[in-house]
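Reading the structure
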Amino acid sequence: MALGLVTAGESHGPALVAVVTGLPAGLRVEKDAIDADLRRRQQGYGRSPRQQLESDEVQVLTGLRHGRTLGTPLTLVVRNRDHENWLWGMSAFAPEGEPSGKGVKAVTLPRPGHADLAGVLKYGHDDVRDALERASARHTAAHVAAGAVAKALLGELGIAVTGRPVEIGGETTDEGMREATDAARRARDTLGGVVEVVATGVPPGFGSYAEKSDRLDARLAFALMGIQAVKGVEIGDGFALARRRGTEAHDEIDPGLARRTNRAGGLEAGITNGEPIVVRAGMKPLPTLMHPLDSVDLATGEPAQALVERSDVQAVEALAVVAEAAVAFELARAALEKFGGDAIRDTLAAHRAYLERIVGRWRR
Ligand SMILES: Cc1cc2nc3c(=O)[nH]c(=O)nc-3n(C[C@H](O)[C@H](O)[C@H](O)COP(=O)(O)O)c2cc1C
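So, here's what we can say about the structure. As the structure is a prediction and not an experimental result, all values here were calculated from the model. (Residues numbered from 1 in each chain as written. Predicted model: local features only at pLDDT ≥ 70, side-chain atom pairs only at ≥ 80, totals over all residues. Heavy atoms only, no water.)

Quick word on the nonpolar core
Basically, it comes down to this: Put simply, a nonpolar core is a bunch of buried Ala, Val, Leu, Ile, Met, Phe, Trp, Tyr and Cys residues held in one set by side-chain atoms that sit within 4.5 Å of each other. Note on classification: 1.4 Å probe, protein chains only; a residue is buried when its accessible area is under 20% of the maximum for its type, exposed when over 50%, partly exposed between these limits. Note on conventions: DSSP H or I runs of at least 4 residues are helices, E runs of at least 2 residues are strands, and numbering of each starts at the N terminus. Any two residues having at least one pair of non-hydrogen atoms within 4.5 Å are treated as being in contact.
In terms of nonpolar packing, the biggest core is built from 76 residues, with Ile34, Leu76, Val161, Ile277 and Leu331 touching the most fellow members. The element that contributes the greatest number of residues to this core is helix H8 (residues 316–339), accounting for 18 residues. Not counting residues up to four positions away in its chain, the partners in contact with isoleucine 277 are Val197, Val198, Ala199, Val202, Leu216, Leu220, Gly265, Gly266, Leu267, Thr272 and Leu331. One finds Val107, Val128, Leu132 and Leu307 within the second-largest nonpolar core, a separate group that totals 5 residues.

Here is the structure:
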């Protein structure tokens, strides 16, 4: 069975949920490892006090016993602690009693760059909240939890995946990124940036050129573009390759099959080539602004300023964790396609046999 993922949950509802299907049985999953990634997602220099409010922690409802997968659907739950302030506003059924807490007043001022206008038009909502609750990046917490499980699987195969910010507000040094964030905070503005995810220990042969939907480069791009606010994805040297000559663009092959360079980012013809996978994602500045942009009040049709809310200055460090999870999940899916296995020991045996077949052709 292919590795599958369904997530559910609203930003201020009771919880976020991830259901992971197709995991082999016997995989060790540690709560601490999932919680550590959930915390990493919440940290970062540009985050808002909402992040301190939420101290995310995973709860596992199904598919795990004594720390090992059962080979059945794994259900991960991350509670929204802030939900207690939204009990009336986010009540699943017609709320009882006097309106109280947050989410009582309908939002009618769509923010340019957010889901607000497109969402209400598409689904016929009157309250922008009905669109933004799910469109919000809060539900990336569910993806990060699933990604942590994927990393546990990849770890068994000697594969490590790490994401980090490489550019914030056009700055590429740690200090520059911090200064740009401080300056944007003082100007009450927001920033975007670029994150890089690197996967090491990936053997050659994940993905395929047989059909475009099999190509792992395409699948990683899809996984990253599926994250809120990501507007561009690069594999290896990406767009820079388009400006070089062929003699400067490819990775020469040495005896032992090592490469002198890794401009391709570990992928040729949609297949891993044994070099580290290197992918980058570009994030636009966050659309919730303290200095709102011009918009229209959907209740009156009159010109108005967009909704103003306390927001993060930038969430590039958080995106690095979310992107890491997305890449890990897609690599875990590709690993299970290649090696299969109802039990993790079958997966590992197939992995070992494969490496033995290509040994001598590929250094490890
Ligand atoms: C980790 C993460 C955190 C985000 N935090 C915010 C935020 O605090 N405020 C905001 O307006 N947008 C935030 N966004 C971006 C919006 O969710 C996103 O711009 C919106 O859903 C519209 O989707 P699009 O940008 O892909 O078109 C965040 C995105 C990510 C990945």
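Quick word on a negative patch on the surface
Under the convention used in this document: A patch consists of residues whose relative accessible area exceeds 30% and which take part in no salt bridge; residues with like charges are grouped when within 9 Å of each other, and nonpolar side chains (Val, Leu, Ile, Met, Phe, Trp, Tyr) when within 5 Å. Only the protein chains shown count as cover for residues, with accessible areas throughout obtained via the Shrake-Rupley method and a probe of 1.4 Å. Think of a salt bridge as a Lys or Arg side-chain nitrogen and an Asp or Glu carboxyl oxygen that are within 4 Å of each other. His is not counted, nor are the chain ends; Lys and Arg add positive charge and Asp and Glu add negative charge. Where a charge lies is defined by one atom per residue type: Lys uses NZ, Arg uses CZ, Asp uses CG and Glu uses CD.
A contiguous patch of negative charge on the surface is contributed by Glu171, Asp174, Glu175 and Glu179. Mapped onto the fold, glutamate 179 is located in helix H6 (residues 174–186).

Details of the side chain of glutamine 314
Note the following rule: Two N or O atoms form a polar contact when they lie within 3.5 Å of each other; inside protein one atom must be a possible hydrogen donor and the other a possible acceptor, and for residues adjacent in sequence the pair counts only when both atoms belong to side chains.
Position of glutamine 314 relative to the elements: it lies in the loop between strand S14 (303–305) and H8. At 3.1 Å, the side chain of glutamine 314 and the side chain of glutamate 317 are in polar contact. In contact with glutamine 314, not counting residues within four places along its chain, are Tyr45, Gly46, Arg47, Ile168, Thr181, Leu191 and Leu286.

Side note on helix H7 (residues 216–225)
Note the threshold: For this quantity, the arc is that covered by the directions from the helix axis to the C-beta atoms.
Taken together, the buried positions of H7 are Leu216, Asp217, Arg219, Leu220, Ala223 and Leu224. The arc that holds the buried residues of H7, viewed along the axis, is 165°, so those residues lie on one side. In the core, the buried residues of H7 are packed alongside strand S9 (230–235), strand S10 (267–268), strand S11 (271–272), strand S12 (277–283) and H8.

So, the packing of aromatic side chains
Ring pairs (aromatic) are described by centroid distance and by the angle formed between their planes. Keep this limit in mind: In this scheme Phe, Tyr and Trp rings, the latter by its six-membered ring, pair at centre separations within 6.5 Å, and the angle between planes marks the pair as stacked below 30 degrees, edge-to-face above 60, and tilted otherwise. The rule is short: NZ of Lys or CZ of Arg within 6 Å of the ring centre and within 35 degrees of the ring normal puts a charge over the ring.
This structure, assessed with the given rule, holds 2 aromatic pairs. A ring pair is formed by phenylalanine 206 and phenylalanine 339, whose centres lie 5.9 Å apart and whose planes are at 70°; its orientation type is edge-to-face. Remark: phenylalanine 339 occurs in helix H8 and phenylalanine 206 occurs in the loop between strand S8 (193–200) and H7; sequence separation between them is 133 residues. For the pair formed by phenylalanine 206 and phenylalanine 339, the shared burial category is buried. Taken together, Phe206, Phe339 and Tyr354 form an aromatic cluster joined through their ring pairs. The ring of tyrosine 45 is capped by arginine 185, whose NZ or CZ atom sits 5.6 Å from the centre of that ring.

What to know about the pattern of salt bridges
Counting across every chain of the model gives 24 salt bridges. Salt-bridge contacts for arginine 41 lead to aspartate 56; the nearest nitrogen and oxygen are separated by 3.7 Å. One end of the pair, arginine 41, is in helix H1 (residues 31–42); the other, aspartate 56, is in the loop between helix H2 (49–53) and strand S3 (58–62), with 15 residues separating them in the sequence. Assigned by exposure class, arginine 41 and aspartate 56 land together as buried. A salt bridge links glutamate 330 to arginine 333; the shortest N-O distance between them is 3.3 Å.

Things to note about the sheet that holds strand S1 (residues 4–8)
Defined as follows: Strand pairing is defined by DSSP finding a minimum of two bridges between the two strands. Orientation is described by axes fitted as lines to C-alpha atoms, over the contacting stretch for helices, and by angles from 0 to 180 degrees between their N-to-C directions.
What the 4 strands build is an open sheet, ordered S1-S2-S6-S3; its pairing is antiparallel. Each of the sheet's edge strands pairs with one partner strand only, and the pair in question is S1 and S3. With direction set aside, neighbouring strand axes in the sheet form an average angle of 20°. Of the pairings in the sheet, the one linking strand S2 (residues 15–21) to strand S6 (residues 74–79) comprises 6 bridges and is antiparallel in character. Across the sheet, the residue bridging to leucine 16 is valine 78, located in S6. Contacts from H1 reach S3 and S6 within the one sheet, and its direction differs from that of S3 by about 130°.

Overview of the sheet that holds S12
Ordered by their spatial adjacency, 4 strands build an open sheet running S7-S8-S12-S9, and the pairing between neighbours is antiparallel. Single-partner strands in this sheet number two, and they are strand S7 (160–168) and S9. The sheet shows a mean angle of 20° between the axes of neighbouring strands, direction not considered. With 8 bridges joining them, S7 and S8 adopt antiparallel strand pairing.

Description of the packing of H1 against H8
The criterion, for reference: Under the scheme applied, nonpolar residues are Ala, Val, Leu, Ile, Met, Phe, Trp, Tyr, Cys and Pro; charged residues are Asp, Glu, Lys and Arg; polar residues are all the others, including Gly.
Taken N-terminus to C-terminus, the directions of H1 and H8 make an angle of 145°; their axes are 7 Å apart at the nearest point. Contact residues: H1 offers Asp37, Arg40 and Arg41, while H8 offers Ala318, Val321, Val322 and Glu324. Across the contact of H1 with H8, the residue classes tally to 3 nonpolar, no polar and 4 charged.

A closer look at the site of the ligand
Test applied: Residues are counted as near a molecule or strand when any one of their heavy atoms sits within 4 Å of it.
In the neighbourhood of the ligand, 18 residues make up the surrounding shell, with Ala229, Lys231, Lys284, Thr288 and Ser311 lying closest. Between the ligand and the protein, one listed contact pairs an oxygen atom with a backbone N or O atom of alanine 135 at 3.3 Å. The contact in question runs from an oxygen atom of the ligand to an N or O atom on the side chain of lysine 284, over 2.8 Å. For the ligand, whose unbound accessible area comes to 620 Å², protein coverage reaches 85%. When the residues that make up the shell around the ligand are grouped by side-chain class, the tally is 9 nonpolar, 5 polar and 4 charged.

Structural notes on the pairing of S1
Within a regular strand, side chains alternate between the sheet's two faces. Note: S1 against S2, 5 bridges, orientation antiparallel. Within S2, the position partnered with glycine 4 by the bridge is threonine 21.

Remarks on the environment of arginine 28
If you trace the backbone, arginine 28 turns up in the loop between S2 and H1. Given the relative accessible area of 44%, arginine 28 is considered partly exposed.

Geometric values such as these leave the question of function open.
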